[in-house]
Amino acid sequence: MSTLQLATRMATQTPTRPTVAPAEGMTEFFDGIACLDERVRRQATPLAPHELPDDHLGSETGCYIEVQGSGERLLIPLGSGVTHIGRGLAADLRLDEDSVSRRHAILVYRRSGSRILDDRSSNGTLLNGRRVTQADLHDGDVLVLGRVVLRYLER
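What you see is a predicted model; the values in this text were computed from it and never measured.

Asker: Help me get a handle on the pattern of salt bridges, residues and values and all.
Answerer: Using the criterion set out here, one finds 8 salt bridges in the structure. Two residues, aspartate 37 and arginine 39, come together in a salt bridge whose shortest N-O distance is 3.4 Å. Salt-bridge contacts for aspartate 136 lead to arginine 115; the nearest nitrogen and oxygen are separated by 2.6 Å. With aspartate 136 in strand β10 (residues 134-136) and arginine 115 in strand β7 (residues 115-118), this residue pair connects regions lying 21 residues apart in the sequence. One salt-bridge network, in which partners are shared between bridges, spans Asp37, Arg39 and Arg94.

Asker: Talk me through the confidence of the model for the chain; I want residue IDs and the actual numbers.
Answerer: Looking at the chain as a whole, its pLDDT mean stands at 81, while 74% of the residues score no less than 70. Mean pLDDT in the chain bottoms out at helix α1 (residues 3-12), which sits at 42, and peaks at β7, which reaches 98. Per-residue pLDDT stays below 50 along residues 2-23; that stretch engages in 6 contacts with residues further than four places along the chain or on separate chains.

Asker: Account for the sheet that holds strand β5 (residues 93-94), with residues named and values stated.
Answerer: On the basis of which strands lie adjacent, the open sheet formed by 5 strands has the order β5-β4-β6-β7-β10 and mixed pairing. Sheet topology places β5 and β10 at the edges, where each strand pairs with a single neighbour.

Reading guide: rules and limits
Residues numbered from 1 in each chain as written. Predicted model: local features only at pLDDT ≥ 70, side-chain atom pairs only at ≥ 80, totals over all residues. Heavy atoms only, no water. Salt bridge = Lys/Arg side-chain N within 4 Å of Asp/Glu carboxyl O. Helix = DSSP H or I, 4+ residues; strand = E, 2+ residues; numbered from the N terminus. pLDDT = per-residue confidence, 0-100. Contact = heavy atoms within 4.5 Å. Pairing = 2+ DSSP bridges.

Pasting the structure below:
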């Protein structure tokens with residue numbers, strides 16, 4: 001096969017993703033900020049990569065979700081009551097990512113503490129590496145919804 005024939009054949013083929021998997025124990029980085037809805041981004045407070053959330057919050061108490069992107073982090077304030085998280089247009093915290101269900105999870109804020117509930121999602125909701133249907137949340141807990149990693153913070 002000539003170089004011209006090979007180049008023509010390669011140009012007409014559908015590109016494929018590399019099949020190289022991350023090394024065992026390593027996870028692929030996913031930019032969670034890229035899939036955030038613009039409405040949510042406007043509410044968020046940007047943080048530098050190594051900045052502590054307390055530096056921005058001052059004396060403001062409440063619950064927050066931290067989302068990491070490439071080179072930046074965002075701190076999203078959670079209102080009191082119920083926060084619906086998912087890919088659907090009706091979600092309060094909208095994550096436009098195919099691995100996230102339209103109605104993925106529900107975060108319930110109560111005075112006695114917050115709780116996460118899986119909303120019958122396809123890929124499940126992981127809390128600190130364990131799949132849960134519902135669980136109490138504590139400061140610093142890591143939530144994984146599809147490929148999106150979120151950190152729950154209380155101040």
